[in-house]
Amino acid sequence: MMTQSLAPTPTKDPLTTQDRQIIATIVNQSDYSKECKPEDVVTIWINNDDIVWVKMTHGYARYHKEQFKRTVAEVKASLSAPVERNHKEEKESKQAAEKIGLLGDCDWLSLSVQYYPDKVIGHAGCYTSQKPQLLT
């Protein structure tokens, strides 16, 4: 009689890195007794009684479904806002650098902005390893 050995089919982890960050943030904002890092989050599920369970490497936490949903939306918005703002500022910085002719000539470019109640002041810095050339 022949026996056949089958390798287990790898399963895709349903939680993304961002999911784990959001869940860890929620756990840390609650009265859970231990610090939770994103890598501590093992899985999450909802029971019939609308209780959200979070399994971590160091225990379990439970939350009411509706409150958990609201908190997820708040945390997700707070985590994604800086990323979106950085992308927007990077795009605006590149446009400004192109407009004043800095891109392509610089090995390193620094752009910063200072905000005042009545004005906005921008600063640009450029470093190049090439020898300076005289403009004629």
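Note: the structure precedes this text.
We now turn to the structure provided with this report. (Residues numbered from 1 in each chain as written. Predicted model: local features only at pLDDT ≥ 70, side-chain atom pairs only at ≥ 80, totals over all residues. Heavy atoms only, no water.)

**Quick word on the packing of aromatic side chains**
Stated formally: When two rings of Phe, Tyr or Trp (its six-membered ring) have centres within 6.5 Å they constitute a pair, described as stacked for plane angles under 30 degrees, edge-to-face for angles over 60, and tilted for the intermediate range. Throughout this description, buried means an accessible area under 20% of the type-specific maximum (1.4 Å probe, protein chains only), exposed means over 50%, and partly exposed covers the range between. In this analysis the charged atom, NZ for Lys or CZ for Arg, is taken to sit over a ring once it is within 6 Å of the ring centre and within 35 degrees of the ring normal.
With the rule as written, the count across this model stands at 3 aromatic pairs. Taking the centre distance of 6.4 Å and the plane angle of 15° together, the rings of Trp45 and Trp53 count as stacked. With relative accessibility at 33%, the residue Trp45 sits in the partly exposed group. Residue class for Trp53 comes out partly exposed when judged on its relative accessible area of 21%. With a centroid separation of 5.5 Å and 35° between ring planes, the pair formed by Tyr63 and Phe68 is classed as tilted. Assessed through its relative accessible area of 14%, Tyr63 is described here as buried. Taken together, Trp45, Trp53 and Tyr60 form an aromatic cluster joined through their ring pairs. A cation sits over an aromatic face here: Lys119 above Tyr116, 5.9 Å from the ring centre.

**Here we look at the layout of surface pockets**
Worth spelling out the cut-off: Definitions used for this entry: grid spacing 1 Å over protein atoms alone; cavity, a set of points where a 1.4 Å probe fits but cannot get out; pocket, an open set with protein on both sides within 12 Å along at least 5 of 7 lines; lining residue, one with an atom within 4 Å of a point. Grid points are joined across faces, edges and corners, and a volume is the space filled by probe spheres set on the points. Helix and strand assignments come from DSSP, with helices taken as H or I runs of at least 4 residues and strands as E runs of at least 2, each series counted from the N terminus.
Taken as a whole, the largest pocket encloses approximately 300 Å³ of empty space. Looking at the lining of the largest pocket element by element, the count peaks at 6 residues for helix H2 (residues 65-99).

**Things to note about the nonpolar core**
For the record, the criterion: Buried Ala, Val, Leu, Ile, Met, Phe, Trp, Tyr and Cys residues that are joined via side-chain atoms within 4.5 Å together make up what is termed a nonpolar core. The contact rule is simple, with two residues in contact once any of their heavy atoms fall within 4.5 Å.
Of all hydrophobic cores here, the largest spans 16 residues; its most connected members are Ile23, Val27, Val41, Val54, Met56, Tyr63 and Phe68. Of all the secondary structure elements, the ones that give two or more residues to this core are helix H1 (17-29), strand S2 (51-56), strand S3 (59-64) and H2. Counting residues per element, this core draws most heavily on H1, at 5 residues. If we skip the residues at most four places from it in the chain, Val54 touches Ile23, Val27, Val41, Thr43, Ile44, Gly59, Tyr60, Ala61, Tyr63 and Phe68.

**Thoughts on the pattern of salt bridges**
Rules: Any carboxyl oxygen of Asp or Glu that lies within 4 Å of a side-chain nitrogen of Lys or Arg is treated as forming a salt bridge with it.
Counted by the stated rule, this structure contains 1 salt bridge. Here Lys69 and Glu66 are joined by a salt bridge, their closest N and O atoms 3.9 Å apart. With Lys69 and Glu66 both in helix H2, this residue pair falls 3 residues apart, about one helical turn. When its relative accessible area of 48% is taken as the criterion, Lys69 is described as partly exposed.

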